[in-house]
Structure formats: C-alpha cells, structure tokens
4 protein chains.
Amino acid sequence: MRIGMIGLGGMGGNLARRLMRGGHQVVVWVHGSEATEAVAPDGAIAVASIEDMAGQLREHRTFWVMLPACEPTEQTVTMLGVTAAAGDIIIDGGNTFYKDDIRRSKMLATRGIDYVDVGTSGGVRGLERGYCMMIGGHLETVRRLNPIFETLALGFGDIARTVGRDRPDDRAERGYVHVGPAGAGHFVKMFHNGIEYGLMQAYAEGFDILKGRSSDKLADVWRRGSVISSWLLDLSAAALARDHTLEHYSGHVADSGEGRWTADAAMEEAVPACVLSAALSARYRSRVETTFGDKLLSAMRFGFGGHVEIPQ
Amino acid sequence: MRIGMIGLGGMGGNLARRLMRGGHQVVVWVHGSEATEAVAPDGAIAVASIEDMAGQLREHRTFWVMLPACEPTEQTVTMLGVTAAAGDIIIDGGNTFYKDDIRRSKMLATRGIDYVDVGTSGGVRGLERGYCMMIGGHLETVRRLNPIFETLALGFGDIARTVGRDRPDDRAERGYVHVGPAGAGHFVKMFHNGIEYGLMQAYAEGFDILKGRSSDKLADVWRRGSVISSWLLDLSAAALARDHTLEHYSGHVADSGEGRWTADAAMEEAVPACVLSAALSARYRSRVETTFGDKLLSAMRFGFGGHVEIPQ
Amino acid sequence: MRIGMIGLGGMGGNLARRLMRGGHQVVVWVHGSEATEAVAPDGAIAVASIEDMAGQLREHRTFWVMLPACEPTEQTVTMLGVTAAAGDIIIDGGNTFYKDDIRRSKMLATRGIDYVDVGTSGGVRGLERGYCMMIGGHLETVRRLNPIFETLALGFGDIARTVGRDRPDDRAERGYVHVGPAGAGHFVKMFHNGIEYGLMQAYAEGFDILKGRSSDKLADVWRRGSVISSWLLDLSAAALARDHTLEHYSGHVADSGEGRWTADAAMEEAVPACVLSAALSARYRSRVETTFGDKLLSAMRFGFGGHVEIPQ
Amino acid sequence: MRIGMIGLGGMGGNLARRLMRGGHQVVVWVHGSEATEAVAPDGAIAVASIEDMAGQLREHRTFWVMLPACEPTEQTVTMLGVTAAAGDIIIDGGNTFYKDDIRRSKMLATRGIDYVDVGTSGGVRGLERGYCMMIGGHLETVRRLNPIFETLALGFGDIARTVGRDRPDDRAERGYVHVGPAGAGHFVKMFHNGIEYGLMQAYAEGFDILKGRSSDKLADVWRRGSVISSWLLDLSAAALARDHTLEHYSGHVADSGEGRWTADAAMEEAVPACVLSAALSARYRSRVETTFGDKLLSAMRFGFGGHVEIPQ
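Note that the structure is predicted; figures quoted are calculated from it, not measured. Each chain has its residues counted from 1, running along the sequence as written. Labels follow written order: the first chain is A, the first ligand is 1, and so on. Totals for whole chains, interfaces and linings use every residue, but because this is a predicted model, local features are given only for residues with pLDDT of at least 70 and side-chain atom pairs only at 80 or more, for both listing and counting. For side-chain calculations, the full set of non-hydrogen atoms in the structure is used, while hydrogens and water are omitted.

Participant: Talk me through the overall build of chain A; I want residue IDs and the actual numbers.
Facilitator: Runs of E in the DSSP output that reach at least two residues are strands. Runs of H or I that reach at least four are helices, and both are numbered from the N terminus. When helices and strands are tallied, chain A shows 14 helices and 8 strands. In terms of principal-axis extent, the alpha carbons of chain A reach across some 75 × 45 × 45 Å. Per-residue accessibility, obtained with a 1.4 Å probe over protein chains only, is compared with the maximum for each type, and a residue is labelled buried under 20%, exposed over 50%, and partly exposed between these values. Counting all 312 residues of chain A, 64% fall into the buried class. Note on definitions: a residue-residue contact is assigned when non-hydrogen atoms from the two residues lie within 4.5 Å. Pairs at least 24 residues apart make up 65% of the contacts formed inside chain A by residues separated by at least 6 positions. Charge convention: Lys and Arg are scored as positive, Asp and Glu as negative, and His as well as the terminal groups of each chain are ignored. For this purpose, a charge sits on NZ of Lys, CZ of Arg, CG of Asp or CD of Glu. Here chain A contributes 33 positive and 38 negative side-chain charges, whose respective centroids are spaced 3 Å apart.

Here it is as structure tokens:
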C-alpha cells in the first residue's frame, strides 16, 4: 500500500522504515518543508505540505498522524479534515484521550472521512521488534488497513502460542487487535499504560531496596526462567549493564496522560486501584525536592513532640 | 505518693512537674550528678545515682523510667533490676517494643519486682493538657499506682462523655486505661502511633494540594464544627498561623519504631493496611532527594521510549 | 433575617431549626405540598411551591438550597433562576462540584441574581454543635449574609484560640470563612472531604488490627489527651460504646463525589496523594465480594505454582 | 553427578526429572517409605529413609531439600545435620527466611558440613522452561555444584543477550547466579517475590477495570511487542483463553512469607515501597468478606451524616 506519515519523531520515523521494509510506499511530511527532506528515512517520498501529501497518495488515501497528543495532533487532524475527501482514512497512532477520538470521528463522518485510532506500543525498539497495536474504528476500514498492521506488528514471532487459544481470528496473536469503534483503541491503550506504570514501580521498589547489591547480575538472571521475567526487565538489565549506578539518570520521572486517565476510569467504575495510584504518586513525588505536606508533618511533629526538623 | 523519675527530657521533666502540682513528691535523676541539679524541676529532689534514688524512696518503691527506647531504657531497667528489691515497681513510660516488656517483666518477676509499661501520649503539651496513658501490668500493681495516673491524666476535662457509655470502671474516660499484663500498654500504644501516622499524612496530602490557597484560614475554620476537627489540626493551625509558608521546616520527616511495628502487626494478622503503609513510605521518601528506584524508572523510560531524563 | 430553605433532609431540617433558634424566620419547601407541611420544623412557614416561597420573602430574597448534589440541586437552581429577581441570592449549601458553581454563577449573573456556594460540614450533629462553613461568592453578598452564617456557625465555643492568631477578620475562628468567588467554597470543601476519607481510613485500619482487643476502651481513652483525639474518634467511641462488635453495620462504604474530585485535583496538580487514593480504593473494595483482579491473581498463581485457589 | 532429592511436590519432582534428563542420577525420598515408591519419577532411585539416601550417595554427598519452608524444611535439615558427614553438602531450595539459612550454615559448619541456599524460581513450568536460581554459599562449594545448576537452569535459550553485557562470568545470563555467602540466595529471592507481588497486582487492577471488555484478546495482543509483555502476562493470557470469566477461581489469594519479609526489609532500610505494600494489603483484603475497619467506616458515617449502611 501507499500511506502518508505525518510526524517523524522517535515513533513516526521508525514506523515509516518498518513499513518500507515490508514493501509499502511511504509519503512523509513534518512541519517545515526543509525539515522533511532532512529527516525523511531513506526511500520515503518527502513532501512539503499536507496538500502535497494528498496529491501523492492514491484514491482512498490513508494518512497516519504520529505526533504528540493534544495540540499538535488536534491541529493536524483538523487540517486533514479540510484536505481529505470522502473515502479517505485518518489514523491517529498517538496517545490521544479516547473521548477526543469519539468527537473527531463523528465530526469527520459528516464529510465521509473515516477515523481510526491506534494505540501503538513498542517504543523506539519497535522498528526491529515490531509494534503492538490496539485499534478502534469501522470494521471495513480496519480490514482495508490490514496489510499495514500486518507489516507493523510483531507477528507470531518466536513467542509461544497462548495455551488453549485456537480461534479463527488470530490477529491478537499476531500483535494487533480491533477492539471496537473509534476511541476503543486508545481506550484500551490507556489501561496498557496504567498497567505499565504499576509494573515499572514494582521493579523500581524492588531494586531500590536491593541497591548496591548485585543489581545488574540479578536483573540478568531474573530474565531467564524467573516468574518476573518481562520486557521491562530486559530494558532494566541493559541499563544496569551499561552502568549499575544509574547515576546519569535524573530520576525525575515524567508521566503522560494515560496514567491519570486510568486512575480516573478506575474511579468512574469504583474499582480499587491502589497500585496504579501509588505508582502515579511516586512519579509526582520524584519531581519535587520537598513537599508542603512534608513540611506540615515536620510542623506537627514539632507541635506535639518538640521534634526539631529544620534545615541545617 | 513519692516516686522516682529517671530521665528529664521533654517528657520526663513535664511528668515530674505535673506530678508535683498534683501533690506528689518526685525524686529525679539523670546520668551525671551535676546534670541532675541543673535540670531538675523546682521542688524535685535531685539525686546523684540510682542508689541514692532508691534510698530516698519509701518501701514499695516506684521508679518511672522516661528515656529514649532501646539502649538507654534497656540499660536503666537492667541497673534497676539490680538495685530494686522485692515489692518495688519499675515503670517504663517510653516507646518500648512490647516484646521487650514481656521479656523484662518475666526476668524481674524472678526477683519479686513488678514491671509496668505505660504508653504515654500527649507530647510536650501534656504538662497543661494532661496525658493519655495505656497501661500494662498486674491488676494489683496498677491499682496501687492509681493516684499517679489520676494526676497525670487529663481527666474528664471539658470533653463530652462518650454517648452511651455508663460503666463502673470509668478510667478510660478519665484518660488512662489498664489493658492487660505487661507489654499490653506498649502494644496498644503502637497502634495509637500507627493511626497517628495515617492521620498526619491525610492532612499533609490535603494541604499539599491546597498549598498557597488560604491554608491558614482553612485550618482555623476546620477546627470549628467540621468533620475533620482534631488535635493534630489544632497544631497545624497554630503552625500555619505562625508562618503559612512553613519554610522553616525541613520536611525531612523522622519515624520512630511504632509505625513499623504496626505495619508488622498488620502483616502478622494479615490485615490490609494500605494507608498506614503509605504514610510510612511517605516519610521514608521525604528523607532522600532521589531514589535508585526513580533512576531505574528514568532508565526504563529511556529504554523503551527514548525519553531523556538526565540531570541538567 | 428571613430566609427560604429548600430541602428538609438530615441537613436542611436542622439548618432551619438552628436558624430559628437564632431568631431568624425560615420559609421552607420540599417537593410536594403536603410533604412540606408534614416535615416542616416547628415554627417554620411551610409553603407549597417555589413561587409561594418567593412571595413570602422580602426584597433581596435569599434562597438556601440544601439538596443532594447533581440532579436535584441542578433542577432547583434552574427553577430558582426563573423565579428569582435581580438582587436575590441563591445559596447552594450542598456538595456540588465547584465547576458547576462557576457555570451557574455566570449564568445567574446575567439576570442580576447572586450565587453563593457554601461547603457545609458538621453533619446531623450540627444542630447542637454548629456548622463549619466554607463560602464562595461576592464579597458584598457574603457580608450581607453574615447574620445567617453567624447563627449557623459553631462560633468560638470552648475551643482554644489558635495560638499565634490575632487578626481583624476572625470569622475563620468563629466557624465560617469566605475563601473566594463562586465555586471557591465547594472547591475547598472538596479537600475537606478528601482529608476526611484519609482520616477515617487511618482509624479503620488501626482498629481493624486491634479488633476484639478493648476497642471501645481504647477509643474512650484516646479521646482524652492523646495525639489522635478528634471528632471522628468521638463518633467511633460512641459507636463502639453502643456495640463493640459493630455487627449491625454492613461495612459496604459509600463514597460521594468529593473524594474522587480531590484525587483528580491532586493529579491535575501532580501532587502525590497515596493515602487519599488508598482510602478511596478501600471503599470501592468494601462494596464487592470478590474482584475480577483477585481471580486473575488466583489464576496466575495456579499458572506458575499450581496453587489451587478455587471455591470450596 | 549423583544427588539426593528430599521432597517430591510440584517443585521437587520436576527438579528430579530435569536433572535426570540432563544425565544426572537422582536418589529420592519423601516421608513414609511406601509414599516414595508411589510418587518417585521414572528412573529415580527411591529410598525409605534419610539414612538409606546417605548410603546410596557417593563421597561428598549432596542433599537437595525441596520442602515447604519453616517446619518441614527445618526438621529435615536438622535430621541431615545428624546423618551427614564432613564434606557433605546440604542444599535448601525452598523459600526459607535468609536469617534461618545463616543460623543453619554456622551450626552445620561446626561439623564440616556445607550449606547452600538456592532461591528457585520458575514454578511448575520449570521442568520444560528451566529454572532461575539465586545461590548463597561458599565459592568452592557452589562451583562444585555447577553441573547441577547448569542442567536445571534455562541457559541462554532464545533470549537475547543483555545489551552491553560482556563479562567472563556469564552464569547470570545462563539462569543462575552466586550472590554471596549462605543466606544470600534466599535474601535475593525474597525481593524477587516482592517484585512479583507488585507486578501481579498491576495486571490485576488493569484487568479489573477492563473486566468484560475483551480481556482475553487484550492479554493475547499485549504479549506481542507491547511494553507490558511478560511471563506473568503469558500465564494470564492462557487462563483467560481457557475461560475469560475466571469464574472457577476463588480470588482468595494466599501469600507466602517473602512478601512480608520484603516489606520488612524495606522498612529496615527506610525505603518507600508503596506498591509492594499495597499488593500485600490487596491479598489480605481478598480473603475476608468484610473487615472490622469497613464496619467502623459505616459507623462513623452514620455518626456524622446519618448515612445508613446496614445489612439488608
């Protein structure tokens, strides 16, 4: 297939490369015409504007938007809503809030444009490893895009089939899944990231207690046959192998919207989610030196016990 | 009564003062004979050694040990075990681990010495406000000490009687309670402190979110008629009235043994205690700038997303 | 003053009674004319409709809406928006989300109607004890309502003045505070309730571990002089005095919006709030017998360890 | 090599089988002579007593104890301490508390017997997949046992080498690691399990919110290329593929000592560990229908708000 890719950051560039390796043709664009030439992956057709991209694509054109959520994505989808024609497809592969997908999908439908949201997991390693995709949109549209997803996905790989699994639609086992109408892909991606926060914090706490005690050897050995083997552990082992002190990392840990949205979803459904909430709190805490709350604790302790906790 | 008080820190000195105000005679001693003269409250009989103290007390002598838990208390109780005679009473009013009380009580019983543990709450304000005491020991011994506890306790004060309460033994409503044999007092004090940690953290988090938004006025108003009025809130209001920025407090919050022991007790009994554990974790976190765990989170994020979280 | 009170549930009825005791005249109404007659407190003027109420009030009429948040309150405020005239005041004393206050305030301002939101704490005991009120609205309007708030508030009572406090505006110390424009009262009430959840859970966990071990005596004694004395502890002591097994309570604990909103506010401001989140999760958990998550844990344990956790 | 295996439960039996597949000879024994014959794996030499086992082994005999921690293991090690001779090796492959290992090691050393502790991860699937082993003991002894560990471990398998890793001792990458003197193996295994609890709870919470929404397809797809792929997710996917309602699992989740010990270790080192603590609390909560704490919450809510939360 021929597809347009808008945005060539860590994710977009690699998606384009993997698509071309799979035999697809990719037209690329980033804001600023010179920029596109400079960063376009080898073999991609660099264009100077969204209109140029539209001209380079065939009938039933497909635009994949791979940009930071909120403003950049919103603006680009809005521009595409003007440029695209009935029968075209706009894919948002970023980390959009699912209620925004639903809104956009309805708006674009009035012009006959199809909207597909793809929660894309796999990070910068996806180029070699393949991507995991959670997809929302119309049945027919998603089916039409099958060759794209097939190429981007990890496929069966060398991962054992799920025991007990044997059904006609094996797409989930090949790394992508169609979970419902527009918004459903990002809805599900949200939970993926919520779980991710909890997993990461579990490793962080375990290694924090162990700190200085063979962390790198342990990360290595746990990768092989232990109950806690995982891809996040693979990444941890690699980082610890490079420098077991991790001193080049600030430890000021950012969070994106998905963690918060998952916590919100848990509250909306009244589901207890202590671990996910605690993981989020730990990130907030990592970014400040001292909280006003901590000072209040010091103040109360001074009030009842005369305990002095003042800066040296 | 006449009583010996060993240790004249924030707690011991005030206990002695309140006892004397109540008409008791207090013999005091701290390590180092000159020291005792210098810090003894007016009206107290300062002595130069434990043996002197023993000489100054009457038959059935009562020694109240008010020292930091662990080493200082352990050593003093051991010395008293040698100096004291059958029929004497040793009171540990500090924050000893209850299993140490049980051990000491058995050991001292072989020499006919009675051991009483008193979990003492009320802090430096107890002199005026009165203390809340949780007591473990023999029924008869605790009864014999009644005049002491009566004087130290807050009494009914102006606090409304517990609705529905009407029983012969009203000591709990007068501020002290005999909860069982040796160790029981500190066992129960442990939970008091565990709850205290949770309460403090609840206020800390609430004010942390509010920070800069009328914290001092809110602390004031919540003291009057709100569901969250409490003594800890009174102390918070006082601190915020003095300086609503709390900038003179370090926010590096210490914890004593009781919080950990409560968490241990919860685990021993398989009782969920998320809030108490979280309050404890928050204190640990308050004392370090960055954790190894936070750095590992940064490292994983770099690994999968190329997110750069390095020190500036 | 003369004031209209709409809603006569646990809160509204007592507010009306306390106002009348303070010398105010109260016109009351609940949906359904017969209903109002039946439940109106002695001395109140019962009316059959909002229009009747408007007729019974003087110029610059004041309507206090004391209804469950969301639908009932929203509908009533909407009706009042039609009935009221320029210069009238509508007070929402319930638990409305602060963004709804802001919206309503703007809408009503276009008709010259003043909107005041009052976060009201104190519960069913407020009749005797007095209420704690956090108020949002125009400076002049709030000042005009001063006699009302003065009567409803607890006042200085027998509560010690905040140490170090000495300022001209002492309303906070008399139990009510004007914190800002419309919405500010409920904004601040939200944090009050968030803290409340954390405090309650701290007591719940402590007593859970202690269960069966003198809970009622301990609640009594901790009320007097201990660091953890509070009004919530007073209530706990009263409940335990009536029945120390608490067997007549279901333990299925509801939560209202404020807890969730506080958690949301914490996330919006990236403030760690582990205790408040954990308290919320504990309530969700209390209302279900087994979670899907728990079953998944069983399933994983069976998967890796052959541990059998199946219903008997 | 020839080795004695004591205990033939889910773990011991499979360890014996994997050893024999690797060309080792295994002498097996369980309490009760008939029992051993009945459950001994094909090819193993079943004996009727520890003394018989000792007789069947060669000089420098090696006994692997694979029994539930605490009593069964303690008793067996004690018996072996009598039967074994200088130069023999006793391996404890179970989940013993590391301080017990240190004590035993010292005691056995006085008789010239070597003690090795092996934290063994991999569960019932280890027979096919290989085990992950964390080993404590003398350098020379552990080296002597190399052929055993080599056979039991997963080896490099098809798992990518840790990026950046290149060192002479590559045992960690082959699935086993020597981390220090006696006790070190179980010390490290403890953290492994602590992390395991946190990971499991993260998945549990995520799937709990999603419940009923394509859980089985999502588990499948996340196994392939997503950031949260792991062995625990493989197991979850298998369980959900068999029955996506999981209705045959009780959801009453047991916990073994390691989780608690990890929480203790975190407290000993003052390391924040909110997620690990919360995971533990969730398990405790899963095993009771209603807690006393929940009832107290209901009671307080009735106290201040008249909220009725009583059983129907």
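Participant: Explain the relation of the copies chain D and chain A to me, and be specific about the residues and the numbers.
Facilitator: Overlaid copies result from least-squares superposition on C-alpha atoms, with residues included only where pLDDT is at least 70 in both. Screw-axis analysis of chain D against chain A gives a translation of 0.0 Å along the axis, an RMSD of 0.1 Å, and a rotation angle of 180 degrees. Considering both components of the superposition, the chain copies are consistent with a two-fold axis. It is S230 of chain D whose C-alpha, among those of chain D, lies nearest the rotation axis, at 1.9 Å. Mapped onto chain A, 100% of the interface residues of chain D are again interface residues, and the two copies thus contact each other with one and the same surface.

Participant: Outline the sheet that holds strand β1 (residues 2-6) of chain C, supporting the account with residue identities and numerical values.
Facilitator: Pairing between the strands of a sheet is mediated by backbone hydrogen bonds and can be parallel or antiparallel. At least two bridges found by DSSP between two strands is the condition for calling them paired. Ordered by their spatial adjacency, 8 strands build an open sheet running β3-β2-β1-β4-β5-β6-β7-β8 (chain C), and the pairing between neighbours is mixed. Strand pairing shows two members of the sheet lacking a second neighbour, β3 (45-46) and β8 (176-180) of chain C, which therefore form its edges. Taken together, the 2 bridges between strand β2 (residues 25-29) of chain C and β3 of chain C define a ladder with parallel strand orientation. Along β3 of chain C, the bridge assignment pairs V27 of chain C with I45 of chain C. For helices, the fitted line uses only the C-alpha atoms of the stretch in contact; every axis is such a line through C-alpha atoms, and the angle between N-to-C directions lies from 0 to 180 degrees. Packed onto the sheet, helix α10 (residues 215-222) of chain B meets β7 (132-136) and β8 of chain C and runs at close to 155 degrees relative to β8 of chain C. Sheet contacts for helix α5 (residues 98-109) of chain C: β5 (89-92) and β6 (114-121) of chain C; angle to β6 of chain C, the most-contacted strand, approximately 155 degrees.

Participant: Please give an account of helix α12 (residues 257-268) of chain A that cites residues and values.
Facilitator: The length a helix should cover is 1.5 Å for every residue beyond the first. Counted at 1.5 Å a residue, the expected span for α12 of chain A with its 12 residues is 16 Å, and the 16 Å between its end C-alpha atoms agrees. Among all positions of α12 of chain A, only E258, G259, T262, A263, A265, A266 and M267 of chain A are buried. Contacts from the buried residues of α12 of chain A go to α9 (184-210) and α13 (274-286) of chain A, α12 (257-268) and α13 (274-286) of chain C together with α9 (184-210) of chain D. Just past α12 of chain A, the residue A270 of chain A takes up positive phi, approximately 55 degrees.

Participant: Lay out the pattern of salt bridges with the relevant residues and their values.
Facilitator: Any Lys or Arg side-chain nitrogen found within 4 Å of a carboxyl oxygen on Asp or Glu counts as a salt bridge. Tallied over the full model, the rule gives 58 salt bridges over all chains. With its nearest N and O atoms 4.0 Å apart, the salt bridge here joins K99 of chain D to E268 of chain D. Here the residue K99 of chain D occupies a position in helix α5 (residues 98-109), and E268 of chain D occupies one in helix α12 (residues 257-268), the gap between them amounting to 169 residues. In this structure, D100 of chain D and R103 of chain D form a salt bridge, with 3.1 Å as the shortest nitrogen-oxygen distance. Note that D100 of chain D and R103 of chain D are positioned in helix α5 at a spacing of 3 residues, about one turn of the helix. Residue class for D100 of chain D comes out partly exposed when judged on its relative accessible area of 27%. We classify R103 of chain D as partly exposed; its relative accessible area is 38%. Residues joined in a network through salt bridges with shared partners are E74, D92, D100, R103 and R104 of chain A.

Participant: Explain the sheet that holds strand β1 (residues 2-6) of chain D to me, and be specific about the residues and the numbers.
Facilitator: All names here are of chain D. The mixed open sheet is built from 8 strands, whose spatial order is β3-β2-β1-β4-β5-β6-β7-β8. The open sheet has two edge strands, β3 (45-46) and β8 (176-180), and neither has a second partner. In this sheet, strand β7 (residues 132-136) lies alongside strand β6 (residues 114-121) in antiparallel orientation, the contact comprising 5 bridges. Among the inter-strand pairings, D117 is bridged to a residue of β7, identified as G136. The strands touched by helix α1 (residues 10-21) within the sheet are β1, β2 (25-29), β4 (62-65) and β6, with β1 carrying the most contacts at an inclination of about 165 degrees.

Participant: Tell me about the pairing of strand β5 (residues 89-92) of chain B, and name the residues and values.
Facilitator: All names here are of chain B. Residues of β5 alternate between two faces, with I89 and I91 on one and I90 and D92 on the opposite face, all of them buried. Here 4 bridges tie strand β4 (residues 62-65) to β5, and the two strands are oriented parallel to one another. Opposite V65, over in β5, you have D92 as the bridge partner. With 4 bridges connecting them, β5 and strand β6 (residues 114-121) associate as parallel partners. When the sheet's bridge partners are listed, I91 is paired in β6 with V116. With the strands pointing away from the viewer, any crossover whose connection runs clockwise from the first strand over the helix to the second is right-handed. Once the chain exits β5 it traverses helix α5 (residues 98-109) before rejoining the sheet at β6, and the crossover so formed is right-handed.

Participant: I'd like a description of the packing of aromatic side chains, backed by residues and values.
Facilitator: Pairing of aromatic rings covers Phe, Tyr and Trp, the last through its six-membered ring, and needs centres within 6.5 Å; plane angles under 30 degrees mean stacked, over 60 mean edge-to-face, and all others mean tilted. Counted according to the given criterion, the structure contains 32 aromatic pairs over all chains. Ring geometry for F97 of chain C and W261 of chain C: centres 4.7 Å apart, planes at 45 degrees, overall tilted. With F97 of chain C in the loop between β5 and α5 and W261 of chain C in helix α12, this pair connects stretches of sequence that are 164 residues apart. Take F97 of chain C: its relative accessible area is 23%, and that puts it in the partly exposed class. Ring pairing ties together the aromatic residues F97, Y98, F187, F191 and W261 of chain A, which thus form one cluster. Lying across the ring of W231 of chain A, R129 of chain A places its NZ or CZ 3.7 Å from the centre. Whether a charge sits over a ring comes down to the Lys NZ or Arg CZ being within 6 Å of the ring centre and within 35 degrees of the ring normal. One residue, R283 of chain A, lies across the ring of Y197 of chain A, its end atom 3.8 Å from the ring centre.

Participant: Pulling in residues and values, what's your account of the interface of chain D and chain A?
Facilitator: At the junction of the two partners, chain D supplies 77 residues and chain A supplies 77 residues. Interface area for chain D against chain A, summed over the two sides, is near 6600 Å², with a carbon-plus-sulfur share of 64%. Throughout, the accessible surface (probe 1.4 Å) given up by two parts as they are put together, summed over both, is called the buried area. Three residues stand out in chain D for area buried against chain A, namely I209, R224 and V227 of chain D, and they jointly supply 13% of the buried area on that side. Here a polar contact is taken to be a pair of N or O atoms separated by no more than 3.5 Å, where protein atoms must pair a possible hydrogen donor with a possible acceptor and residues adjacent in sequence count only if both atoms sit in side chains. Across the contact surface, chain D and chain A share 22 residue pairs in polar contact (both at pLDDT 80 or more). Elements that contribute at least two residues to the side of chain D that touches chain A include exactly β7, β8, α9, α10 (215-222), α11 (231-242), α12 and α13 (274-286) of chain D. A total of 16 residues in the side of chain D that touches chain A trace back to one element, the largest contributor, which is α9 of chain D. The residue classification treats Ala, Val, Leu, Ile, Met, Phe, Trp, Tyr, Cys and Pro as nonpolar and Asp, Glu, Lys and Arg as charged. All others, Gly included, are polar. Looking at the side of chain D that touches chain A, its residues break down into 42 nonpolar, 18 polar and 17 charged.

Participant: Let's hear about the nonpolar core: which residues, and what values?
Facilitator: Of all hydrophobic cores here, the largest spans 225 residues; its most connected members are W222 of chain A, W222 of chain B, W222 of chain C together with W222 of chain D. With residues near it in sequence (within four places) discarded, W222 of chain C still touches C132, M134, V188, F191, H192 and I195 of chain B together with F207, L210, I228, S229 and L233 of chain C. The definition of a nonpolar core used throughout is a set of buried Ala, Val, Leu, Ile, Met, Phe, Trp, Tyr and Cys residues joined through side-chain atoms within 4.5 Å.

Participant: Hey, could you go over the interface of chain C and chain B for me, with residue numbers and the actual values?
Facilitator: Contacts between chain C and chain B engage 79 residues on the former and 79 residues on the latter. Here chain C packs against chain B, burying approximately 6600 Å² in sum over the two surfaces, 64% of which is carbon and sulfur. It is I209, R224 and V227 of chain C in chain C that bury the most area against chain B; as a group they hold 13% of the surface buried on that side. On the surface where chain C and chain B come into contact, there are 1 salt bridge. R213 of chain C is the salt-bridge partner of E269 of chain B, the closest N and O atoms lying 2.6 Å from each other.

Participant: Describe the packing of α9 of chain D against α13 of chain D, with residues and values.
Facilitator: Residues and elements named next belong to chain D. Look at α9 against α13: their axes get within 8 Å of each other, and the N-to-C directions meet at 70 degrees. Relative to α13, the element α9 is oriented roughly perpendicular. Contacts from G194, I195, Y197, G198, M200 and Q201 of α9 reach α13 at V275, L276, A279, L280, A282 and R283. Per-class residue counts for the contact of α9 with α13 are 8 nonpolar, 3 polar and 1 charged. Roughly parallel means an angle under 35 degrees; roughly antiparallel means over 145; roughly perpendicular covers 65 to 115; every other angle is labelled oblique.

Participant: Outline helix α13 (residues 274-286) of chain B, listing residues and values.
Facilitator: Here α13 of chain B is 13 residues long and its end C-alpha atoms lie 18 Å apart, about the 18 Å a rise of 1.5 Å per residue gives. The element α13 of chain B is extensively covered by neighbouring structure, given that 13 of its 13 residues are classed as buried.

Participant: Outline the environment of F149 of chain C, listing residues and values.
Facilitator: Residue and element names in this part refer to chain C. Its location among the elements puts F149 in helix α8 (residues 146-152). Between the C-alpha atoms of F149 and R174, which are 25 residues apart in sequence, the distance is 9.6 Å. Beyond its immediate sequence surroundings of up to four residues, F149 is in contact with W64, V118, M133, I135, V142 and Y176.

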